[in-house]
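Commentary on secondary and tertiary structure
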Amino acid sequence: MATTDEEVPSIEHPLLESNFLERRLYQLKLAGTAANDHTLVCLPTGLGKTTVSLLVTARRLDEVGGKSLMLAPTKPLVQQHADFYREALRIPDEEIVVFTGDVSPDDRATLWEEATVIMATPQVIENDLVGSRISLRDVTHLTFDECHRATGDYAYNYIAERYHADAREPLVTGMSASPGGDEEAILEVCENLGLHEVEVMTEEDADVAEFTHETDLEWERIELPEEVLEIRDALNEVITDRLEKLKELGIARSTKPDQSQSDLNRMRAELQQLIGNDQSTGYKGMSIHAEVMKLRQAVTLVETQSVEALRRYFERQRNQARTSGASKASQRMVSDPRVREAMRKAESFDQLHPKYRKTRMLLAETLGLEGGERVIVFTESRDTAEALTDFLCTSFDAKRFVGQGDREGSDGMTQNQQQAVLDEFRAGEFEVLVSTSVAEEGLDVPEVDLVLFYEPVPTAIRSIQRKGRTGRQSKGRVVVLMAEDTRDEAYFWISRRREKEMESELRQLKGVAEEIEEELDASQQSLEAFETGAKVNDGTEKPGDGSGVSSGSKGVAKQPGLEDFADVDDGDAEAGTGDVEPPTPDEEAETIEIVADQREMDSDVPRELSRRADVEIRLETLAVGDYVLSDRVVVERKSTADFVDSLVGDDRSVFEQVGAMARNYSRPIVLVEGEGLYEQRDIHPNAIRGALSSLAVDFGASVLRTESEADTMELLAVIAGREQETSGRSVSVHGEKGTKTLGEQQEYVVSSIAEIGPVTARALLEEFGSVEAVMIATEEELMEADGVGKVTAERIREVVGSDYTG
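The following paragraphs examine the structure supplied in this document.

Scoring rules and cut-offs
Residues numbered from 1 in each chain as written. Predicted model: local features only at pLDDT ≥ 70, side-chain atom pairs only at ≥ 80, totals over all residues. Heavy atoms only, no water. Buried < 20%, exposed > 50% of the residue type's maximum accessible area, 1.4 Å probe, protein only. Helix = DSSP H or I, 4+ residues; strand = E, 2+ residues; numbered from the N terminus. Pairing = 2+ DSSP bridges. Patch = residues over 30% accessible without salt bridge, like charges linked within 9 Å, V, L, I, M, F, W, Y side chains within 5 Å. Areas by Shrake-Rupley, 256 points an atom, 1.4 Å probe, with all protein chains shown as cover. Salt bridge = Lys/Arg side-chain N within 4 Å of Asp/Glu carboxyl O. Lys, Arg positive; Asp, Glu negative; His and termini not counted. Charge placed at Lys NZ, Arg CZ, Asp CG, Glu CD. Axes fitted to C-alpha atoms, helices over the stretch in contact; angles between N-to-C directions. Parallel < 35°, antiparallel > 145°, perpendicular 65-115°, else oblique. Left-handed = near helix turned anticlockwise from the far one by under 90°. Contact = heavy atoms within 4.5 Å. Nonpolar A, V, L, I, M, F, W, Y, C, P; charged D, E, K, R; others polar. Core = buried A, V, L, I, M, F, W, Y, C linked by side-chain atoms within 4.5 Å.

Topic: the pairing of strand β9 (residues 375-378)
Residue alternation in β9 divides its side chains into two sets, Val375 and Val377 and Ile376 and Phe378, and both sets are buried. Where β9 and strand β12 (residues 450-453) come together, four bridges link them in parallel fashion. Of the residues in β12, the one forming a bridge with Val377 is Leu452. Pairing between β9 and strand β11 (residues 432-435): four bridges, direction parallel. Its bridge partner being in β11, Val377 is matched across the sheet by Val434.

As for a negative patch on the surface
Judged by side-chain charge, Glu766, Glu767, Glu780, Glu781, Glu784 and Asp786 come together as a negatively charged surface patch. Residue position: Glu781 is located in helix α29 (residues 779-782).

So, the sheet that holds strand β1 (residues 39-42)
Taken in spatial order, the seven strands of this open sheet run β3-β4-β2-β5-β6-β1-β7, and their pairing is parallel. The open sheet has two free edges, formed respectively by β3 (96-99) and β7 (197-200), since each of these has just one partner strand. Taken over all neighbouring pairs, the strand axes of this sheet differ in orientation by 15 degrees on average, direction set aside.

Details of the packing of helix α15 (residues 354-369) against helix α16 (residues 382-392)
Direction vectors running N to C along α15 and α16 enclose 55 degrees, while the axes themselves pass 11 Å from each other. As judged from the angle between their axes, α15 and α16 are oblique. Seen from above, α15 lies across α16 with right-handed handedness. Contact with α15, carried on its side by Tyr356, Thr359, Arg360 and Leu363, involves Ala387, Leu388, Phe391 and Leu392 of α16 and no other residues of that element. Partitioned by chemical class, the residues of the contact of α15 with α16 number six nonpolar, one polar and one charged.

A few points about the nonpolar core
Among the nonpolar cores identified, the biggest contains 57 residues, and Leu69, Ile125 and Phe144 are the most heavily contacted of them. The greatest single-element share of this core, amounting to six residues, is contributed by helix α6 (residues 155-166). What Leu69 contacts, discounting residues up to four positions off in sequence, is Trp112, Ile118, Ala120, Ile125, Leu136, Val139, His141, Leu142 and Thr143. By size, the runner-up hydrophobic cluster in this structure holds 38 residues, among which are Val432, Leu433, Val448 and Val479.

Structure (structure tokens):
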């Protein structure tokens, strides 16, 4: 967007490159508000939300100093922002750094200290905050791009909470072209990010209108050939059959193949509840439900994508069904005669799909007859993106743009490959970009003459973002392909309705922004009443609970009571002691250190621990255990379900894990979290009790129970506190999984026989002296070992002596 002074007025600032940014009044207005308070900026795609954030960043760095942090949900978007900032800011390129999962944690910690501007994905910053690798103390401007994602447990929410708590001079800017479907959703985003101001500009605003152009929206109705409809109908017949089975189980209410997604979600929830109650109906129904979902995906592909996409899908399903761990749903589906017939018809279909034909025609019109230069084709399916790119390459210069994940039959694109493709497209080196949804959110894809939706998009946010790729500098065109009498039509009308609703909401939001700001302000004020030391109505500080603590019997050595294990101060010294002084406000409380395994970030425990002022979390990839609390205490945390699963054949059983812990730490702890330990799977409670006993007696591990993640968090903090503060121990991570000792390997082999477990295995080895001797022992000889009765001996001989039946 570089200009000269003679052409268009530019924005001048000590930290901005001269004649780089075009002076747009609406951007300056938005930046003026955002520079003074935590602000949600709503601006249509393509009109410079990133420029608004850049202007605020330049002002903050110039006036306040510190660092700037900008978060974006995808790696390509992060890289794009970094490139833009390096061009626009008068800051050395090496001080504008990119944080993604491709950069090692140690390197990130070093780069953070040296950087002025950091562009990052939220998950990386969340991990670094939880692991105490970085501090937000000096960040003076934090931008959340695509901030409509700040709902549920998305990383934006945790980062915002930490930023408002830790930064000396915080300022937050949230940016989105589509912040939510209604006022309630927008309020949720604002509250989660701590935003006070709401600035909305639409294309109807005079300041914005001169920079926008009309975007035509057309839809092309596509009639599917009879052969395609026959494949669809055959698959729908199988879906109906499976839904009848679910109806017999009392799960499905209808057997129509076009069930709504909400109905399917309801069925799944009911089945999960049955499984939770250990009812066989739940397991059977869930398998059938999984098959219905697979079949519906096949129908969607043949209706809305192409027969080629369906062929690729069938091939993957066939391959999966042949694997040793294949689900019954996959095996049942590919073996059904009607599905096999549909597969055969798909293989023999040699016509050009009508969507392919229409796509080629529209591209020929745009790039040939109308002299256009660039076209983007969006599709929901990677299979379609790849097959369509191959097809279009025979007539046009086309390239695909897909996500980074590999999957069977399809290689993803690396971040460098994605960047290279976008650079080539911007430079006009090819004319057609065929993309999946990875290019939707904010990527600065250049001005295009046509955006083609291969299928309608049922989500307003994504549709708006896609249409934002055209109509920025000149009149643009958007075409949606819609297969008649298919899901395409339903999705199209859903998309139309939701977009109208969002446009209405944005207009309404603009009109009631002040009311929303007042509501946000009121909610912030109400939180102050819960702060520590809040005043009660009479103006005095809230007192303690007034309860005294017994001083015990004189002359008797005091045994530790519950109060000795509490790590909180109730504010008053015990009566009569007199020599205990409360800490002064200036005294910093000592922190305890907890090392957590990186994989524990799948739970909320590390995140919740990091919120505590008295705990410092360090994230590492631990060879042994999940949490290290001192030089002698290591904790393996398992949910009740995981604990039981680890007893019956996972790759690494709980006994192996605890064995490794015991070899490296003198105080191993197994922490079992959740309820219903004896109600998991079809295992007798005594078997679980036996496992618990073995962990305690044979491995010397303490087995503790907690009710929830919150309970686990508190218990870990208490144990770490007692180890480090009371006992004066430091945290030391050591130990490797390593290979098993010879004895452990022998125990492992024997314990796997008929799942007899490590205790019985040890007894057998002690009785017979070797694995070989155990294997050749008779039933009567086996029964001489401690703990081996007739039933166990029979099972061992059956496994060892029977012919292989695989």
